[in-house]
Amino acid sequence: MANGQWYPQEWPDRIRALTDGTLTPVTPKRAATVMLLKDTDGGPAVHMLRRRASMAFAGGAYAYPGGGVDPRDDDHHVRWAGPARAWWADRLGVDETAAQAIVCAAVRETYEEAGVLLAGPTAESVVGDTTGEDWEADRAALVARDLSFAEFLDRRGLVLRSDLLGAWTRWITPEFEARRYDTWFFVAALPEGQRTRNASTEADRTVWIRPQDAAAGYDKGELLMLPPTIATLRRLLPYATAAEALAAAPERDLTPVLARARLEDGEIVLSWPGHDEFTKHIPTGGAPA
């Protein structure tokens, strides 16, 4: 392949079914993912995980910690630091209860999959090492959904640090996919005193890698990624530090990116608005080019 763009074999058939009206799109579920950054001598590095090859969706692809919203976090009161829920609602383009749940999902998934927790005993502090047995028991309960994130924060007496997150971009899974997500991407800096680990059952490898190195690996076909992943990596390239990226986040456009499929000159053209590099031309009876 020319690059590392993940492209499943079933997409052409599903795209054809969508264009001829025999496929009804499913409603996307809300989700959040976090580009966790830390500064190095060569500029900021981002924490990425490689999905196990056995995964039904995007097996072998590199991604960030993330996952679906837990509806239990919509209404439960959460101890909150940083911009108010109303500010986040306006920023994310949703109501206040949904905004709380999306931000909670971003913080929870980072803890579940990377062992990093953006919360602290006060609005000005962040917890330190979270690798003890008692922390691991709570993390496992969160993964199993035996414990909601709001309940976890209450139990620990912790305040969610929404000010440590920056909303970066928003992508919606294409309409022809069987599993669809409306995903908000965030940036955050690794808190002092914490360290990442591969805590995800869905990943077989984790790395800290500079965005330019990850992008180069993708361009050579060495690192497999979905369009949103490589697109966000490329948008990180101008920033010399994690703090610079976080400072730039409030000005980022959160207009959702949704792939489009259309018939043109006897072939299906698959495109992502604003991201021409991902365009695919699919002959009506063949493989994509």
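Higher on the page you've got the structure.
Residues numbered from 1 in each chain as written. Predicted model: local features only at pLDDT ≥ 70, side-chain atom pairs only at ≥ 80, totals over all residues. Heavy atoms only, no water.

K.L.:
In this structure, what is going on with the layout of surface pockets? I would like to understand it.
P.N.:
A probe matching the size of a water molecule, rolled over the atoms, marks out where space remains unfilled. By volume, the second largest pocket is sized at about 220 Å³. Considering the residues around the second largest pocket, the lining is formed by 15 residues, among which Thr-169, Thr-255, Val-257, Pro-273 and His-275 are closest to the centre. For the lining of the second largest pocket, the elements supplying multiple residues, two or more each, are strand S8 (165–172), helix H7 (227–236) and strand S11 (257–258). If you tally residues by element for the lining of the second largest pocket, the top one is H7, at three residues. Of the residues contributing to the lining of the second largest pocket, the split by class is seven nonpolar, four polar and four charged. (1 Å grid on protein atoms, 1.4 Å probe; cavity = no way out; pocket = protein on both sides within 12 Å on 5 of 7 lines; lining within 4 Å. Points joined across faces, edges and corners; volume = space filled by probe spheres on them. Helix = DSSP H or I, 4+ residues; strand = E, 2+ residues; numbered from the N terminus. Nonpolar A, V, L, I, M, F, W, Y, C, P; charged D, E, K, R; others polar.)

K.L.:
I would appreciate a short explanation of helix H5 (residues 149–156) in the present structure.
P.N.:
Since there are 3.6 residues in each turn of an α-helix, residues three or four apart along the chain are aligned in direction. Of the positions making up H5, those classed as buried are Phe-149, Ala-150, Phe-152 and Leu-153. When H5 is viewed along its axis, its buried side chains cluster within an angular range of 160° and face the same direction. In this structure, the buried residues of H5 make contact with helix H3 (96–114), strand S6 (119–120), helix H4 (133–143) and strand S7 (159–161). Directly beyond the C-terminal end of H5, a positive phi value near 65° is found at Gly-157. (Buried < 20%, exposed > 50% of the residue type's maximum accessible area, 1.4 Å probe, protein only. Arc of directions from axis to C-beta. Contact = heavy atoms within 4.5 Å.)

K.L.:
Would you mind going over unusual backbone geometry with me for this structure?
P.N.:
If a residue is not glycine, its phi is most likely negative; likewise, a peptide bond is most likely trans. One non-glycine residue with positive phi stands out, namely Arg-145, at about 65°. When you line up the elements, Arg-145 lands in the loop between H4 and H5.

K.L.:
Help me understand the packing of H3 against H4 in this model?
P.N.:
When two helices pack together, their arrangement is given by the angle between their axes and by how far apart the axes lie. Where H3 contacts H4, the axes come no closer than 10 Å and their chain directions differ by 120°. When the axes of H3 and H4 are compared, the pair comes out oblique. Of the two possible hands of crossing, H3 and H4 adopt the one that is left-handed. Here H3 contributes Arg-108, Tyr-111 and Glu-112 to the contact with H4, which in turn contributes Trp-135, Arg-139, Leu-142 and Val-143. A class-by-class count of the residues in the contact of H3 with H4 yields four nonpolar, no polar and three charged. (Axes fitted to C-alpha atoms, helices over the stretch in contact; angles between N-to-C directions. Parallel < 35°, antiparallel > 145°, perpendicular 65-115°, else oblique. Left-handed = near helix turned anticlockwise from the far one by under 90°.)

K.L.:
Hey, could you run me through the pairing of strand S14 (residues 275–283) in this one?
P.N.:
Along any regular strand the residues' side chains alternate between the sheet's two faces. In this structure, strand S13 (residues 267–272) lies alongside S14, joined through five bridges in antiparallel fashion. Among the inter-strand pairings, Trp-272 is bridged to a residue of S14, identified as His-275. The turn linking S13 back onto S14 is made up of two residues, and Gly-274 within it adopts a positive phi angle of 85°. (Pairing = 2+ DSSP bridges.)

K.L.:
Help me understand the sheet that holds S7 in this model?
P.N.:
Strand order in the open sheet formed by three strands is S5-S7-S6, and the pairing between neighbours is mixed. The outermost strands of the open sheet, each flanked by one partner alone, are strand S5 (80–81) and S6. Alignment of S6 against S7, held across two bridges, turns out to be antiparallel. Counterpart to Ala-119 in the pairing with S7 is Leu-160.

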